[in-house]
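Fold and geometry: a report
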Amino acid sequence: MPMTDQYWALPDGISEALPEESWRLENLRRHLLDIYATWGYQMVMPPLVEYMQSLNTGIGSNLDLQTFKVTDQLTGRTLGIRADMTPQIARIDAHKLKTEHPNRLCYIGSVLRTRAFNEDGSRSPLQVGAELFGHAGEDSDFEVLALLLTTLKQCQVPQITLDIGHVNIFRSLAAQAGLTAQQEKIFFDMLERKSLPDIDAWLAATKLPAAEAEMLRQLPRLYGKPDLLEQASLVLAAANPDVQAALAYLASLVARIQQEFPDCRIHVDLTELSGYDYHTGIVYAAYAQGSGREIARGGRYDGIGKIFGRARPATGFSTDLRVLTRYWQAQAPQPTKIFAPADTDPCLSQTIQQLRAQGQWIIRQLQGDTVKTPQDAGCGQQLIKHGNEWIITEV
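In what follows, the accompanying structure is described. (Residues numbered from 1 in each chain as written. Predicted model: local features only at pLDDT ≥ 70, side-chain atom pairs only at ≥ 80, totals over all residues. Heavy atoms only, no water.)

A few points about the pattern of salt bridges
Per the stated rule, a full pass over the model turns up 18 salt bridges. Between Asp64 and Lys69 there is a salt bridge, and its shortest N-O distance comes to 3.6 Å. On the basis of relative accessibility, which here comes to 41%, the residue Lys69 falls in the partly exposed class. Several salt bridges converge on common partners, so that one network encompasses Glu26, Arg29 and Arg30. (Salt bridge = Lys/Arg side-chain N within 4 Å of Asp/Glu carboxyl O. Buried < 20%, exposed > 50% of the residue type's maximum accessible area, 1.4 Å probe, protein only.)

Here's what the structure looks like:
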């Protein structure tokens, strides 16, 4: 890198927003917050840094390597720059907002990651999310999913596909088969890769009960349209009640989504296990037509607030405001700017104040400025003195 470039080049994966993009980001932020308010979600603004003990809990324990760490010069303790806001929201619900009722919270803010999650290479997303604490039933999962799909529709995301699963299906099958922690980890890795030959070979070499081994062998083959859940119920008929309950839960939830969002394509994948270490129920990812990577993710993670003293049920989603602006078609306003000369007349100052109060954009010339004409300032109108008044005229 040339020496001069070192003064202006940004680190890889770190971006900034210039005026037009900034306007789009800010206006979409306001638009989404207005929507969330109509659903009863209150906005919170957690700090950019916290002690690692707070960030590295629950879901946060999976983000340790993604977190930039610094030393607090006041205390000597290790601080983390947040890589995900969900642990912070859980702390706020558990420790600061001690309600026994369902608590709906939303947030929008910058996060920073040591490595990019996605192929676009961004390490500084503007994370948008909503979390519902204090309810463990299907209604709260559906509400959060519906809010996510409403968010994507409001942002004009084309042809949404929802990829959905339930972590308790694999978790319960693994327990029923008597897999050790190490065996479960090995099998989980193969499921993530959907490596069917490796799975078949591993099961053949592992002394598992025949019925359980066959259900584990079939698990990565159970994906497709929602009617797959009927087939899954038959294939996994010998599974324990927890598996059957998870399948029934998924079927009921998917039916509600199909009824309220008929244009949303739903893909059921019983090996969708993202966040397996902390998710406790449904998990899902949303995709847009023409995009090979997810644009939003969510799921249930009950008990996340336990470390903060309150193990509350929790369900939520998150996405990236910058990604959403790629689909949002709203354009930056193009108002007519009004040029005001570098004149110290008190009447001019009063006129400018009145016009700005009405929302007019006034560009006031500066003494000695290189801007000599309204055109130089990009103005289509100007203020000129007519008698004792300042009036607007076309350039």
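Having seen the structure, we can now continue with the description.
Notes on the pairing of strand β13 (residues 337-340)
Where β13 lies against strand β14 (residues 361-364), four bridges are found, and the strand directions are parallel. Bridged to Phe339 within β14 is Ile363. Between the parallel pair β13 and β14, the chain is carried across by helix α12 (residues 346-357), and the sense of this crossover is right-handed. Examined bridge by bridge, β13 and strand β15 (residues 381-386) share two bridges and lie parallel to one another. Residue pairing across strands places Phe339 opposite Gln382, the latter belonging to β15. (Pairing = 2+ DSSP bridges. Helix = DSSP H or I, 4+ residues; strand = E, 2+ residues; numbered from the N terminus. Right-handed = clockwise from strand over helix to strand, strands pointing away.)

Considering the packing of aromatic side chains
Taken as a whole and assessed by the stated rule, the structure comprises four aromatic pairs. A ring pair is formed by Phe170 and Phe187, whose centres lie 5.9 Å apart and whose planes are at 20°; its orientation type is stacked. Within this pair, whereas Phe170 is found in helix α5 (residues 167-176), its partner Phe187 is found in helix α6 (residues 181-193), the two being separated by 17 residues in sequence. Classification of Phe187 by relative accessible area gives buried; the value is 0%. The ring of Tyr51 carries Arg77 above its face, with NZ or CZ at 3.6 Å from the centroid. Across the ring face of Tyr276, the terminal group of Arg171 is positioned such that the distance to the ring centre comes to 4.5 Å. (Phe/Tyr/Trp six-rings, centres within 6.5 Å; stacked < 30°, edge-to-face > 60°. Lys NZ or Arg CZ within 6 Å of the ring centre and 35° of its normal.)

A closer look at the sheet that holds strand β3 (residues 68-71)
If you walk across this open sheet you meet the three strands as β2-β4-β3, and the pairing is antiparallel. In this open sheet, the two strands that pair with only one neighbour each are β2 (49-51) and β3. Pairwise comparison of adjacent strand axes, ignoring direction, gives a mean angle of 35° for this sheet. Two strands pair when backbone bridges link them, and β2 and strand β4 (residues 78-81) are joined in this way by three bridges, in the antiparallel orientation. Paired with Val49 across the two strands is Ile81, which belongs to β4. (Axes fitted to C-alpha atoms, helices over the stretch in contact; angles between N-to-C directions.)

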